[in-house]
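Residue-level structural notes
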Amino acid sequence: EAEINREQQLARIGQLTGGVLHDLNNMLNIITGNIRFLKAEPVYKDTDLEELIEDIDSATIDAVELTNRLVSFSRIHPAAPSEIPAKTIIEETEKLARHLIKAPNILLIFDQFNDDVRVNIDLIWFKNSLLNLIYNAADSMKAGTITVAATVETSSSNKITGSSPAVLRISVTDEGCGIPDAELARVLEPFYTTKTPGQGTGLGLAMVDKFCQESGGYCTISSEVNIGTKVSMILPLVNE
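Each chain carries its own residue numbering, running from 1 in the written order of its sequence. In keeping with the model being predicted, local features are shown solely for residues with a pLDDT of at least 70 and side-chain atom pairs are shown and tallied solely at 80 or more, while totals for entire chains, interfaces and linings include all residues. Only heavy atoms go into the side-chain values, all of them from the structure, while hydrogens and water stay out.

**As for the pattern of salt bridges**
For this analysis, a salt bridge means a side-chain nitrogen from Lys or Arg found within 4 Å of a carboxyl oxygen belonging to Asp or Glu. Evaluated as defined, the whole model comprises eight salt bridges. As a salt-bridge pair, E91 and K87 come within 4.0 Å of each other at their nearest N and O atoms. One end of the pair, E91, and the other, K87, are both in helix α3 (residues 86–100), four residues apart, so they sit about a helical turn from each other. E214 serves as the salt-bridge partner of K210, at 3.5 Å between the closest nitrogen and oxygen. With a gap of four residues between them, K210 and E214 both fall in helix α6 (residues 204–214), about one helical turn apart. A single network of salt bridges, built from pairs that share partners, joins K39, E54 and D57. Counting from the N terminus, the helices are DSSP H or I runs at least four residues long and the strands are E runs at least two residues long.

Shown next, in the form of structure tokens:
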């Protein structure tokens, strides 16, 4: 019964995304069109604003891709993975996160990662998943530190696909309010949210979990009330 309910929820997400996708893309086209005009203005050339406009342009392109990734819940469009160095995906996401997370009382730390390993993932979906975890962490606290860390580990979990037990664990740890045990067991479910009405759709963590599964890995979450929360994406490494 639970599995039937889950499949029905995923089907509803597919219908929802299909219904709004056209209108959302029209809005994004307006944004990208205006960005092109700004990029063509000589007054912005060789200034700090030129780099910010480029970041907006890049984020808008990612947003267009994200709308297409949403449809993956209904299994209409598969992910588009490619082999990418793990260091590259972390560095690209860090640059975007630092432009978007600017709360004065929140410190965002990316631990240094230099391992020469690769993952086979959808880059746009990964960036949106990691940014989503960082947004959630920022929303959970008024002040504190968010730490993003990546490590190479060996996993014995049967949730990992592929012949190699080597995995990349990317974790986002916050110092926020934490999640009670009763809610923690459900936070990866589509439509389930711990936020107040109007503040969350209940799709963020579900999308992260779906990304991990589509990438041959899985997602874990641990939390202590008034201490903080840690969410990890565990992704298989490409065999060398």
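**Considering the packing of α3 against helix α4 (residues 123–139)**
Lines are fitted to the C-alpha atoms to define the axes, a helix being fitted only along its stretch in contact, and any angle between axes, read from their N-to-C directions, falls within 0 to 180 degrees. At a minimum axis separation of 10 Å, α3 and α4 run at an interaxial angle of 45 degrees. Relative to α4, α3 is oriented oblique. For the crossing formed where α3 meets α4, the hand is right-handed. For the pair α3 and α4, the contacting residues are I89, E92, T93, L96, A97 and L100 in the first and L123, F126, K127, L130, L131, I134 and Y135 in the second. A breakdown of the residues in the contact of α3 with α4 according to their chemical character gives ten nonpolar, one polar and two charged. Angular relationships are summarised with four words: roughly parallel below 35 degrees, roughly antiparallel beyond 145, roughly perpendicular across 65 to 115, and oblique for the angles in between. Definitions for this section: a left-handed crossing has its near helix turned counterclockwise from the far helix by less than a right angle. A right-handed crossing has that turn clockwise. Pairs of residues are marked as contacts when any of their non-hydrogen atoms sit within 4.5 Å. Residue polarity is assigned by list, with Asp, Glu, Lys and Arg as charged and Ala, Val, Leu, Ile, Met, Phe, Trp, Tyr, Cys and Pro as nonpolar; anything else, Gly included, falls into the polar class.

**Some words on unusual backbone geometry**
Phi is positive for D46, which is not a glycine, with a value near 60 degrees. Note that D46 resides in the loop between α1 (2–40) and α2 (48–70). Of note, N226 is a non-glycine position whose phi angle comes to about 65 degrees, a positive value.

**What about α6?**
Think of it in three bands: with a 1.4 Å probe and only protein chains considered, a residue is buried below 20% of the maximum accessible area for its type, exposed above 50%, and partly exposed in between. Most of α6 sits out of view: nine of its eleven residues are buried. All of the buried residues along α6 are G204, L205, A206, M207, V208, D209, K210, F211 and C212. Positioned one or two residues after α6, G216 has a phi angle of 90 degrees, which is positive.

Keep in mind that these numbers describe shape and distance, not what the molecule does.
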